[in-house]
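Chain residues, written in single-letter form:
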Amino acid sequence: VMRVLRDSVEANVERFASSEYPAKCISEWCRSNLDIPIEPDRIRGDDIEEIQESIRRRAISESREQITTSLGEYIIEDAPPEEWDVRGLSEWAQRTFNVNVTQNQLRKMDPAEISDWLTDSAQKHFESVELDGIAPYLEDSYPRAMLAEWSRSTFGIELASDELKDKSAGEMVETIMNRLTETYEKR
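This structure is a prediction, so every number in the text was calculated from the model and none was measured.

**Description of the pattern of salt bridges**
- Per the counting criterion, the structure on display carries eleven salt bridges.
- In this structure, Arg-179 engages Glu-163 in a salt bridge whose closest nitrogen and oxygen atoms are separated by 2.4 Å. In this pair, Arg-179 sits in helix H9 (residues 169-186) while Glu-163 sits in the loop between helix H8 (142-155) and H9, placing the two residues 16 residues apart along the sequence.
- Several salt bridges converge on common partners, so that one network encompasses Arg-3, Arg-6, Asp-7, Glu-10 and Glu-174.

**With respect to the nonpolar core**
- Ranked by size, the top nonpolar core spans 52 residues in total, and within it Val-9, Leu-34, Ile-55, Leu-89, Ile-114, Leu-118 and Phe-126 carry the most contacts.
- Looking at this core, the elements with two or more residues in it are helix H1 (2-17), helix H2 (21-33), helix H3 (48-74), helix H4 (86-97), helix H6 (111-128), H8 and H9.
- The greatest single-element share of this core, amounting to seven residues, is contributed by H3.

**With respect to the packing of H1 against H9**
- Where H1 meets H9, the closest approach of the two axes is 9 Å, and the angle between their N-to-C directions is 140 degrees. As judged from the angle between their axes, H1 and H9 are oblique. The element H1 and its partner H9 pack so that their crossing is right-handed. Here Met-2, Leu-5, Arg-6, Val-9, Glu-10, Val-13 and Ala-17 of H1 come into contact with H9, specifically with Ala-169, Met-172, Val-173, Glu-174, Ile-176, Met-177, Leu-180, Thr-181 and Tyr-184.
- Of the residues that constitute the contact of H1 with H9, the class distribution is twelve nonpolar, one polar and three charged.

Parameters at a glance
- Residues numbered from 1 in each chain as written.
- Predicted model: local features only at pLDDT ≥ 70, side-chain atom pairs only at ≥ 80, totals over all residues.
- Heavy atoms only, no water.
- Salt bridge = Lys/Arg side-chain N within 4 Å of Asp/Glu carboxyl O.
- Helix = DSSP H or I, 4+ residues; strand = E, 2+ residues; numbered from the N terminus.
- Core = buried A, V, L, I, M, F, W, Y, C linked by side-chain atoms within 4.5 Å.
- Buried < 20%, exposed > 50% of the residue type's maximum accessible area, 1.4 Å probe, protein only.
- Axes fitted to C-alpha atoms, helices over the stretch in contact; angles between N-to-C directions.
- Parallel < 35°, antiparallel > 145°, perpendicular 65-115°, else oblique.
- Left-handed = near helix turned anticlockwise from the far one by under 90°.
- Contact = heavy atoms within 4.5 Å.
- Nonpolar A, V, L, I, M, F, W, Y, C, P; charged D, E, K, R; others polar.

So, in C-alpha cells, the structure goes:
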C-alpha cells in the first residue's frame, strides 16, 4: 500500500514541482476562459506583462485559424446567403469574440468581408480582454500551494505550503510520505 501511495506522491510532486507547471496552468486557463488553445511552450515572458502580451499575440494568431475553420462550418461559399447558417455564425462570434452582429448584417457581406470583420473583431477582443486571471499561476508559492491542496484532498493530510518551501522534489516527497505514514498508522 505504501509503495502505491509513494508512486502517487512522487508523480504528483513531479507534476507540481515541474518548471512547466505554471505554463500548463496558464494554457488551461486560456483554453477555459478565452476558448483559445495555446500550448504551454508558447507562453513566454519574464513578468506578467510580457506573458499577457505573449498570450494576446498567440490568441490573435490562433483566432485567425479558428475563423477560417469556423467559417467553413457556417458558410458554404457557393451557396446563396439564404442557405448560410448565419444564426450559428452570429452566436459563435458573440460567444467567441464578444461581438454582436445581426443575421441580416452577415447576409449583406460576402465571405471575405465576414472573415475580415471577424479577424478585426478578434484582434480588438484579445487586445482588450482581461488577463489578470493568470496572475496566481505566476506566484512562486502557487505550485506548492496546489501540492499541499492535492495532499489534503487526496489523503486528508493538512500540510502548509510553507512546509514545502525551499525543498527539493525528493524532500517534498519525504515530507508528504512522513505525514501520510503518520496518518496511516493512526488509522
